[in-house]
Amino acid sequence: MPTAEKTLHFPTPRIASQLYCGKVEHLKEVEKKLNVELVTRADWIQITGPENAVAKAETFFEFLEKARSQGMEIRKSDFFAILQQVIDGRTQALNDLIHQPLILKFPKRKIIPKTLNQKRYLESIFANEVVFGIGPAGTGKTYLAMAAAIDSLLKGEIEKIILTRPAVEAGEALGFLPGDLTEKITPYLRPLYDAIHEMLGKENAEKLMEKGVIEIAPLAYMRGRTLSNAYVILDEAQNTSPEQMMMFLTRLGDNSRMIVTGDITQIDLPRSKESGLCQITQILAHIPKIVLFYFESFDVVRHPLVQKIIEAYEQFRSEGHPR
């Protein structure tokens, strides 16, 4: 097969380095997976190898540069996620993602979907009143739900954000734990707190929580309420019972949106109890304005090994092993 050579030039040496997170070992992984040789000096990266492999590597670095130029900070997880999409031939998905970006701007950072499914998920949230984000850990289900809620709040489209989660480990019997309600439920809602602080800054986030604009509450405390003019996010929904799920969904009020996130492969309920999230996917599948959005293992944007771990578990279960 003919050998080809291509040199890619970037605005500055720093930008060239940012594309591979400043880690030479990342370039070695590209060489291994795409069957090319890479040399980088100053503001350029030279690619040598078979013509089709060089073309793939060129496409890969062009996508990275387009993503960077739109404000995406290229992290290790982003680098390998985009590389895998190029290897798998999902370049059209990358084109859709990068050429028509969806950018949410917050006081502390900008958020850009890192996969096509993340972008479609956000678009579904903005277009529908009830959205279920279902999929493995690390796909951004909860983080993007928080981003959509905070974006709507800052634009004045809603009056408050309500965050809830079933406290399975405490059996929803929180009374014996020390502290007030927020202190009791905080350990179970830490991922949501972290997301709020990252987007708004700790000081701004705490002010909004003190005013009740952002409310944190266990799922058991949703009973009997009608939630209007709000974004309501139920996290870890795989650990709800069918009764809890029905109770939660029927709290929907005027000018409100509900986002329900969960991973049906990580159910912590006793084996004798059915998951409300698993049941609801069968009950609500055909109702307009309710979207069941499924993420896959290739949407994982954490450490590359997380994707491999999830795929290994999926293979294990597909062979008939119980959860």
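Look above for the structure.
The rules we used
Residues numbered from 1 in each chain as written. Predicted model: local features only at pLDDT ≥ 70, side-chain atom pairs only at ≥ 80, totals over all residues. Heavy atoms only, no water. Helix = DSSP H or I, 4+ residues; strand = E, 2+ residues; numbered from the N terminus. Buried < 20%, exposed > 50% of the residue type's maximum accessible area, 1.4 Å probe, protein only. Contact = heavy atoms within 4.5 Å. Areas by Shrake-Rupley, 256 points an atom, 1.4 Å probe, with all protein chains shown as cover. Phe/Tyr/Trp six-rings, centres within 6.5 Å; stacked < 30°, edge-to-face > 60°. Pairing = 2+ DSSP bridges. Axes fitted to C-alpha atoms, helices over the stretch in contact; angles between N-to-C directions. Core = buried A, V, L, I, M, F, W, Y, C linked by side-chain atoms within 4.5 Å. Parallel < 35°, antiparallel > 145°, perpendicular 65-115°, else oblique. Left-handed = near helix turned anticlockwise from the far one by under 90°. Expected span 1.5 Å × (residues − 1). Polar contact = N/O pair within 3.5 Å; in protein donor to acceptor, adjacent residues only side chain to side chain.

1. A short note on the overall build of the protein
Here comes step 1: Secondary structure summary: the protein contains 12 helices and 11 strands in total.
Here comes step 2: Burial status across the protein gives 50% buried among its 323 residues.
Here comes step 3: If you take every contact in the protein between residues at least 6 apart in sequence, the share linking residues at least 24 apart comes to 70%.
Here comes step 4: Carbon and sulfur atoms form 50% of the exposed surface of the protein, whose accessible area is close to 15,700 Å².

2. Some remarks on the packing of aromatic side chains
Here comes step 1: Across all of its chains, the model carries six aromatic pairs by this definition.
Here comes step 2: Their ring planes at 75° and their centres at 5.0 Å tell us that Tyr121 and Phe295 sit as a pair that is edge-to-face. Taken together, the residues span a long stretch of sequence, with Tyr121 in helix 6 (residues 116-127) and Phe295 in the loop between strand 11 (290-294) and helix 12 (304-318) at a distance of 174 residues.
Here comes step 3: Under the relative-accessibility criterion, Tyr121 is labelled buried at 0%.

3. A few points about the sheet that holds strand 11
Here comes step 1: One open sheet holds the six strands; their spatial order is 8-7-9-10-6-11, and the pairing between them is parallel. Because the sheet does not close on itself, it has two edges, and the strands there are strand 8 (214-218) and strand 11. If you compare each strand with its neighbour and ignore which way they point, the axes differ by 15° on average.
Here comes step 2: This element, helix 10 (residues 242-249), spans strand 6 (130-134), strand 7 (160-165), strand 9 (230-234) and strand 10 (257-262) of the sheet and lies at about 155° to strand 10.

4. Here we look at the nonpolar core
Here comes step 1: If you look at the biggest cluster of nonpolar residues, it comprises 37 residues, and the most contacted ones within it are Tyr121, Met146, Ile161 and Leu163.
Here comes step 2: Of all the elements in the fold, those that place two or more residues in this core are helix 6, helix 7 (141-154), strand 7, helix 8 (181-200), helix 9 (202-210), strand 8, strand 9 and strand 11.
Here comes step 3: The element that contributes the greatest number of residues to this core is helix 7, accounting for eight residues.
Here comes step 4: Setting aside residues up to four positions removed in sequence, Met146 forms contacts with Leu163, Leu192, Ala195, Ile196, Met199 and Ile233.

5. Quick word on the packing of helix 3 (residues 51-69) against helix 5 (residues 91-99)
Here comes step 1: The contact between helix 3 and helix 5 brings their axes to 10 Å, and the two run at 20°. On the basis of the axis angle, helix 3 is roughly parallel to helix 5. When you trace helix 3 past helix 5, the crossing you get is left-handed. Taking contact as the criterion, the partners of Thr59, Phe63, Lys66 and Ala67 in helix 3 are, on helix 5, Thr91, Leu94, Asn95, Ile98 and His99.

6. Looking at helix 7
A turn of α-helix holds 3.6 residues, and therefore any two residues three or four places apart point the same way.
Here comes step 1: Across its 14 residues, helix 7 extends 20 Å between first and last C-alpha, which sits within 8% of the 20 Å expected from 1.5 Å per residue.
Here comes step 2: Counted residue by residue, helix 7 has 12 buried out of 14 residues, so it is predominantly covered.
Here comes step 3: Those residues of helix 7 that fall on the buried side of the exposure criterion are Lys141, Thr142, Leu144, Ala145, Met146, Ala147, Ala148, Ala149, Ile150, Asp151, Ser152 and Leu153.
Here comes step 4: Where helix 7 ends, the next residue or the one after it, Gly156, has phi of about 80°, a positive value.

7. Points about the side chain of Asn128
Here comes step 1: Mapped onto the fold, Asn128 is located in the loop between helix 6 and strand 6.
Here comes step 2: Only 2.9 Å separates the side chain of Asn128 from the backbone oxygen of Ser124, close enough to count as a polar contact.
Here comes step 3: If sequence neighbours within four positions are ignored, Asn128 has contacts with Arg257, Lys289 and Val291.

8. Things to note about the sheet that holds strand 2 (residues 37-41)
Here comes step 1: Pairing is antiparallel across the open sheet formed by three strands, whose spatial order is 1-3-2. Since the sheet does not close on itself, it has two edges, and those belong to strand 1 (3-9) and strand 2, each with one partner. Across the sheet, the mean angle from the axis of one strand to that of its neighbour is 15°, orientation sign disregarded.
Here comes step 2: As paired strands, strand 2 and strand 3 (residues 44-50) are joined by five bridges and run antiparallel to one another. From the neighbouring strand, Val39 faces strand 3, where its bridge partner is Gln46.
Here comes step 3: Against the sheet, helix 3 contacts strand 1, strand 2 and strand 3, and its axis sits at roughly 150° relative to strand 3.

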